[in-house]
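These are the residues of each chain, in order.
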Amino acid sequence: MSKFPEMPEIDNGLLALLPMLYIGWADGLLTPTEAVKIRERLEKESWMTAAEKARMAEWLNPRKPPGEADLRAWLQVIRAAGKQIPAAARQSLANLGVEMARIGLEDQTAPCISPEACAALAEIEEALGVIGHEAATELLIDPELPRPQSVFEEPEATFDVAKMTDLLDGPYLDLRRKVRRFLTDPAFRHEYGLDKDTYREKILKWCREVARQGWGALSFPKAYGGADDLAGFIAVFENLAFHDQSLVVKFGVQFGLFGGSILNLGNEQHHEKYLTGAGDLTLPGCFAMTETGHGSNVRDIETTAEYDASTQEFVIHTPNRQAWKDYIGNAACHGQLATVFAQLIVAGERHGVHALLVPIRDSHGNTLPGVSIEDCGEKLGLNGVDNGRLAFDQVRIPRENLLNRFGDVTEAGEYASSIASSSRRFFTMLGTLVGGRISVSAASTSAAKTALTIAVRYAFRRHQFGPAGQPEQLIIDYPTHQKRLFPLLANAYAYDFAQKYLVERYKARTEEDSHEVEFLAAGIKAMSTWNCTHTIQTCREACGGKGYLAENRFAALKADTDIFTTFEGDNTVLLQLTAKGLLTQFRHRFSEMNFFGIVKYAGQQAATAITELNPLITRMADSEHLRDPEFHLAAFRYREDHLLVTAAKRLKKRIDRGQDSYQAFLECQLHLVNLAKAYVERVVLEQFHARITENDDPGLESVLNRLCALYALSRVEADKGWFLEHNYIEGNKAKAIRKEVSSLCLELRNDSLHLVNAFDIPDACVGAPIAVE
């Protein structure tokens, strides 16, 4: 009989069955049919006595299963026995049962603990379909006792975090850090639940504080309070984006778009009259380009500016509701002067889109005659920005208010421009505003860094699940968690380096390469903002319910940055602009080649195919090869070149058939978007490699090489369908790449915390309790 007071009448043979019977009934694993089968199986066993079989039959009666009191008594016996059984002897339910039966037995050869009994018990355990070791361990845990708690220990970094921050901050290190310190002032504390009007006034106040630092005017000439430093202005914009995106957008509208339009499209008289006020925010302004009916298609906006030679004035007019200027920042509340884009009409002739300065309010905030202003109201995000709609009813402005750098109208009513082609003039004018796209790209990367900082830090603090009786496991140790976050961490570094390269190109641009810089900016803006949106959503999910709380920042980050994918140009439209630029370059390259140059190019393409599509290369799957930067660059370049050549062929084929270029482009649209994406990813990868090469710290080089390999391989993995379809890799290599991505994620586990800390985002800006407390 049993040695356990909880069930003194139970026989030892039944004790051997108790763990499995408890699990079977308590966890609902036993169906009536299975209970009958197990009972029939045990009735044939010689190691059980008749009394034990009779009792067992009662316990396995599907019409009268054990009640709650019975199960509770069984569990008490199992846990009491477990205290007397060493861990090594309870690796399964069968082992646990045999050891329970052994307790108190003087005869260690008793049938209930014989090999025959052990085999039968193991067979029943397998039929139940449970993981025996886990089930046995869970059974013996007293739920009244808390799990042992693990103590957080920050992993040791393999690199100098301060040096990584220096690398990320780059040539504007001091300015970036000054901005970040500035944002830690208690006046900039995050607040939630503000109504729209209060929030707008708060953002205006913050923007004035930023202007007092001289940062709004940084790109303006020194004569007007600036420093002739556009790159410095973008660095400020990028670091403000670690804080509140409404502040960032207000800053961009006032100083980048409104002030920038005066600087880049106006003359010295405009600069003298308006730039100082624009730079210190004593003259709040708007940038009125978008219309209700025309967003990305600026060429066909409908607002008109018709010159009246008799009064030397332009008449600004909104012909219909679709021509209202829409989503205009600073329009609803604060703006006094607007840069309005309109179709210029002189003596009945249209000269395309031009920009003019149109007053919309007086200094007391009163709307001026002929101007209609509507509030766009609550938005998905950015509710600290006073977006509004503008319409003009025959509003007259002086001739001098035309921003006339690229086109002017004389007093007598004659149009003059140094650029004869209206199309070229239009794109030249818009090209001066590329800085806005570069700034949005920078802000997107900062927002993604903030999200990653929150999610990775939280993953090093949050415990969930784990082996029974052991401390719960950090979620950063789950491979699924690493695979979700670490490729995005690699993306953040990749786009950071690409962004700095873009700013350098923009700052040093010449007339010869300005078009290339423009379509590069369009592509990087599109890809970085999409990456931002994906990163924030993934990080929110990685933080579970905590990530859904407003105080932990994801609500604002998601809502405020969502518009980044469509303002300053819809991303899909921008990628088509990028593809057109690539095709134009490709055409020019061929038009400048002689016969031998074309033959040489064809030979290079053939040599690439022979080398890279060699079966030995397409099947290579060792780690050294998969992490080789040359493999990454070759793959990215091959994909881009293939897409470029085939896109050109497809377009030429259609145009040669007599199809108009617009329809031909439309039919190849999806192909062209993929070309643009491939181009941007290749540029991003090259710049990642360039930063590693320029770096002279071995510690940084090691972790950056792993990050770069993770960026490259995760992009190949994401587009493996293309690489497989075009025989650049084979199936075994695709599988190996997937495994290599997981290996890199595991290797970056400890460094991931230090990689986000290297962003050096102040806790006051991060703002999320789950990441800073």
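Residues numbered from 1 in each chain as written. Predicted model: local features only at pLDDT ≥ 70, side-chain atom pairs only at ≥ 80, totals over all residues. Heavy atoms only, no water.

Engineer: Requested: an account of the layout of surface pockets, with residues and values cited.
Structural biologist: Of the volumes computed, that of the second largest pocket is approximately 540 Å³. In terms of lining, the second largest pocket is formed by 23 residues, of which the most central are N491, M527, E681, R715 and A718. Looking at the lining of the second largest pocket element by element, the count peaks at six residues for helix α16 (residues 479-507). (1 Å grid on protein atoms, 1.4 Å probe; cavity = no way out; pocket = protein on both sides within 12 Å on 5 of 7 lines; lining within 4 Å. Points joined across faces, edges and corners; volume = space filled by probe spheres on them. Helix = DSSP H or I, 4+ residues; strand = E, 2+ residues; numbered from the N terminus.)

Engineer: So, the environment of Q687: which residues are in play, and what are the values?
Structural biologist: Looking at the element boundaries, Q687 is found in helix α25 (residues 669-694). Taking C-alpha positions, Q687 is 5.6 Å from A498, a pair spaced 189 residues apart along the chain. Aside from chain neighbours lying at most four places away, what touches Q687 is F497, A498 and Y501. (Contact = heavy atoms within 4.5 Å.)

Engineer: Tell me about the side chain of T165, residues and numbers included.
Structural biologist: Its place among the elements puts T165 in helix α8 (residues 161-169). The contact partners of T165, leaving out residues within four places of it in the chain, are R177, R180, A758 and D760.

Engineer: Kindly report on the packing of helix α1 (residues 12-26) against helix α4 (residues 68-82), identifying the contributing residues and their values.
Structural biologist: Interhelical geometry of α1 versus α4 gives an angle of 130° and a closest axis separation of 10 Å. Between α1 and α4, the interaxial angle falls into the category oblique. Relative to α4, the crossing made by α1 is left-handed. Touching L15, L18, P19, L21, Y22, W25 and A26 of α1 are L71, W74, L75, V77 and I78, all from α4. Taken together, the residues of the contact of α1 with α4 break down into 12 nonpolar, no polar and no charged. (Axes fitted to C-alpha atoms, helices over the stretch in contact; angles between N-to-C directions. Parallel < 35°, antiparallel > 145°, perpendicular 65-115°, else oblique. Left-handed = near helix turned anticlockwise from the far one by under 90°. Nonpolar A, V, L, I, M, F, W, Y, C, P; charged D, E, K, R; others polar.)

Engineer: Tell me about the pattern of salt bridges, residues and numbers included.
Structural biologist: One pass over the full model with this rule turns up 43 salt bridges. For the salt bridge of E640 with R682, the shortest nitrogen-to-oxygen distance reads 2.6 Å. Taken together, the residues span a long stretch of sequence, with E640 in helix α23 (residues 629-656) and R682 in helix α25 at a distance of 42 residues. Comparing E640 with R682, the two get one shared label, buried. (Salt bridge = Lys/Arg side-chain N within 4 Å of Asp/Glu carboxyl O. Buried < 20%, exposed > 50% of the residue type's maximum accessible area, 1.4 Å probe, protein only.)

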